Amino acid sequence: MHKFIIRGGNQLKGKVKISGSKNASLPIIFSSILTSQTEIGNVPLLRDTKTAISLLKNMGFKAVFKDGQLSIIKEANIKTEADYELVRTMRASILVLGPLLSKFKKAKVSLPGGCAIGARPVNLHLKALSKLGAEIKIDHGYIVANVKNRLKGAEIVFDFPTVGGTENLIMAAVLAEGKTIIKNAAKEPEIVDLANALKKAGAIIEGAGTDTIEITGVEELSKMEHTVMPDRIEAGTFISFVATAGGEVVIENFPYQTLETVVKKFQETGMKIERLNSKTVKVKKNNPLQGTDITTQVYPGFPTDMQAQFMATMCLAEEVSIIKENIFENRFQHVLELQRLGSNITIDGNTAIVKGVKKLIGAKVMATDLRASASLVAAGLAAENTTEIYRIYHLERGYENLEKKLQQLGANIEKRRTEQPY
Ligand code: EPZ
């Protein structure tokens, strides 16, 4: 296992380039199940993208992944199963369900367990797939699903605009018979990227990015070629690094339109964020930040995946910040670790009250989930002395070459093998 050792206090200076989006790559990788040949560019090299590729290889697909370019070929005998061992390491594996049912009329996928941030059920996915004609039962922890001859388009109204549920349904509907209408669909940019990828292979999808998506099923898809959008959460995370460490950084491949709520919130704290061109911003911290409040919402509201990083920023801001988490029921795991670094945070249900402190003091802390680990890095960059972050395998799920990118900006961070068994 590895840990990060961060010696805080260095300001960040220079340029960083944002990698491809993890949360767009994963559904697009799984949508390759729907066609015979797929070429995907700008795929980030992450624990999660490697897991997704292993899952497809286990099913019998041929995959070659090099320098961000991923080629996937469907071979003769495809096993329409996703084993527990891989699904438990990455919940997004549930996204094979829709494409397997659509293309192969059957699927056996392990029920994804919960994770650190919540129970994360998939009931909405299953209910919607049943409306398209899938027969679904749960057998020994597995979802066993079958379709008599072909999925049939239907009108789906989601109780909650679930990102994964919307993605699974789009992938199920593209080869279904007739028209599917998804109402109360999630509007996240990663869904638009998935729809764009599928449309390049001949899918008929209208309204991706709005709350009503119309899909007209086709007989088959042609070769899919797509370049993944930049990772908006990595981009927002780098703003939080400058907000805690200080300095001035130019961020390239910055997907500005998808981050306007996040940019505005950081500007409210006093961060200077200047747009240099359509894909580049300059982020600067001039003086101590002002506290401000956030409430996580579905897109285009403030994203839950930026909540932990924003909290780390507010630990050193002046006054009080109120942080409300509305999407997941247990997404404050980072609070206990931030408190070990000297922050002043109290939790009341789904609300965290952050009182700014003058300084944080380095300590040993433990990552609990992907974005919590990013918030500990942000805090460690500002903390006095040394911060050691354990269980950074959480972080490696979603950030490509993070320590190298930070070293190039002048941070004193290194990755070291740890003697601890975790
Ligand atoms: C996606 O997860 C992202 N993951 C998450 O990012 C992100 O936090 C989340 O969307 C919200 O934006 C990927 O794209 C791989 P949801 P997903 O279905 O699809 C409840 C990260 O850090 N729900 O929109 O699982 C659920 O419990 C990760 O990169 C049901 O109750 O999110 C949660 O409270 C973390 N039943 C809420 O909806 C269902 O059937 C949002 O879940 C489905 C969801």
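Report on the accompanying structure. (Residues numbered from 1 in each chain as written. Predicted model: local features only at pLDDT ≥ 70, side-chain atom pairs only at ≥ 80, totals over all residues. Heavy atoms only, no water.)

1. Some thoughts on the side chain of Thr166
Reasoning step 1: Looking at the secondary structure, you find Thr166 in helix H6 (residues 163-173).
Reasoning step 2: By relative accessible area, Thr166 is classed as buried at 0%.
Reasoning step 3: Here the side chain of Thr166 touches Thr162 through a polar contact of 2.6 Å, landing on its backbone oxygen.
Reasoning step 4: When residues no more than four places from it in sequence are discounted, the contact partners of Thr166 are Phe158, Ile182, Ala185, Ala186, Ile191 and Ile213. (Helix = DSSP H or I, 4+ residues; strand = E, 2+ residues; numbered from the N terminus. Buried < 20%, exposed > 50% of the residue type's maximum accessible area, 1.4 Å probe, protein only. Polar contact = N/O pair within 3.5 Å; in protein donor to acceptor, adjacent residues only side chain to side chain. Contact = heavy atoms within 4.5 Å.)

2. A look at the packing of aromatic side chains
Reasoning step 1: Taken as a whole, this structure holds four aromatic pairs when the rule is applied.
Reasoning step 2: An angle of 80° between the planes, with centres 5.2 Å apart, marks the rings of Phe238 and Phe241 as edge-to-face. Taken together, the residues Phe238 and Phe241, both in helix H8 (residues 232-245) and three residues apart, mark about one turn of the helix. Note on accessibility: Phe238 and Phe241 belong to one class, buried. (Phe/Tyr/Trp six-rings, centres within 6.5 Å; stacked < 30°, edge-to-face > 60°.)

3. Some details on the pattern of salt bridges
Proximity of charged atoms lets side chains of opposite charge pair with each other.
Reasoning step 1: Considering all chains together, one arrives at 25 salt bridges under this definition.
Reasoning step 2: Here Glu252 ties to Lys15 by a salt bridge, and the two come within 3.7 Å at their closest N and O atoms. Here Glu252 is found in strand S15 (residues 247-252), whereas its partner Lys15 is found in strand S2 (residues 12-17), with 237 residues between them in sequence.
Reasoning step 3: Of the charged contacts in the structure, one is a salt bridge between Asp48 and Arg397, with a shortest N-O distance of 2.8 Å. In this pair, Asp48 is assigned in helix H2 (residues 47-59) and Arg397 in the loop between strand S23 (386-390) and helix H13 (402-408), connecting sequence segments 349 residues apart.
Reasoning step 4: Here the residues in one salt-bridge network are Glu248, Glu274, Lys282 and Lys284, joined through shared partners. (Salt bridge = Lys/Arg side-chain N within 4 Å of Asp/Glu carboxyl O.)

4. Concerning the environment of Glu188
Reasoning step 1: Note on placement: Glu188 falls in the loop between strand S11 (179-183) and helix H7 (189-200).
Reasoning step 2: For Glu188, a relative accessible area of 10% corresponds to the buried category.
Reasoning step 3: Considered as a pair, Glu188 and Thr162 are 26 residues apart in the sequence and their alpha carbons are 9.7 Å apart.
Reasoning step 4: Not counting chain neighbours up to four residues away, the residues in contact with Glu188 comprise Val163, Arg232, Val298 and Tyr299.
Reasoning step 5: From its side chain, Glu188 meets the backbone nitrogen of Tyr299 in a polar contact 3.0 Å long.

5. Remarks on the nonpolar core
Proteins that are soluble and globular tend to have nonpolar side chains buried together.
Reasoning step 1: Membership of the largest hydrophobic core comes to 71 residues, with the highest contact counts inside it found for Leu97, Val174 and Leu198.
Reasoning step 2: Counting 66 residues, the second largest nonpolar core, distinct from the first, contains Phe4, Leu338, Val354 and Ile392. (Core = buried A, V, L, I, M, F, W, Y, C linked by side-chain atoms within 4.5 Å.)

6. Some details on the site of the ligand
Reasoning step 1: Neighbouring the ligand are 21 residues, the closest being Asn123, Leu124, Thr162, Asp305 and Ile327.
Reasoning step 2: One nitrogen or oxygen atom from the main chain of Val163 is found 2.8 Å from an oxygen atom belonging to the ligand.
Reasoning step 3: Take Ile327: an N or O atom from its main chain is 2.7 Å from an oxygen atom of the ligand.
Reasoning step 4: If the ligand stood free it would expose 830 Å²; the protein chains cover 85% of that surface. (Near = heavy atom within 4 Å. Areas by Shrake-Rupley, 256 points an atom, 1.4 Å probe, with all protein chains shown as cover.)

7. Focus on the sheet that holds strand S16 (residues 272-277)
Reasoning step 1: Spatial ordering of the open sheet is given by S2-S15-S17-S16, a layout of four strands whose pairing is mixed. One side of each edge strand has no neighbouring strand; the edge strands of this open sheet are S2 and S16. Between one strand axis and the next, the sheet turns through 15° on average, direction left out of account.
Reasoning step 2: Sheet analysis places S2 next to S15, joined by six bridges and oriented parallel. Paired with Gly14 across the two strands is Val249, which belongs to S15. (Pairing = 2+ DSSP bridges. Axes fitted to C-alpha atoms, helices over the stretch in contact; angles between N-to-C directions.)

8. With respect to the sheet that holds strand S22 (residues 364-366)
Reasoning step 1: With mixed pairing, four strands are arranged side by side in an open sheet as S22-S23-S1-S24. Where the open sheet ends on each side, the last strands, each with one partner, are S22 and strand S24 (412-417). Along the sheet, successive strands turn relative to each other by an average axial angle of 25°, direction set aside.
Reasoning step 2: As defined by bridge partners, strand S1 (residues 2-7) adjoins S24 across six bridges and the pair is classed as antiparallel. Counterpart to Phe4 in the pairing with S24 is Lys415.
Reasoning step 3: Its contacts with the sheet place helix H12 (residues 370-382) against S1, S22 and S23, and it is angled at close to 30° to S1.

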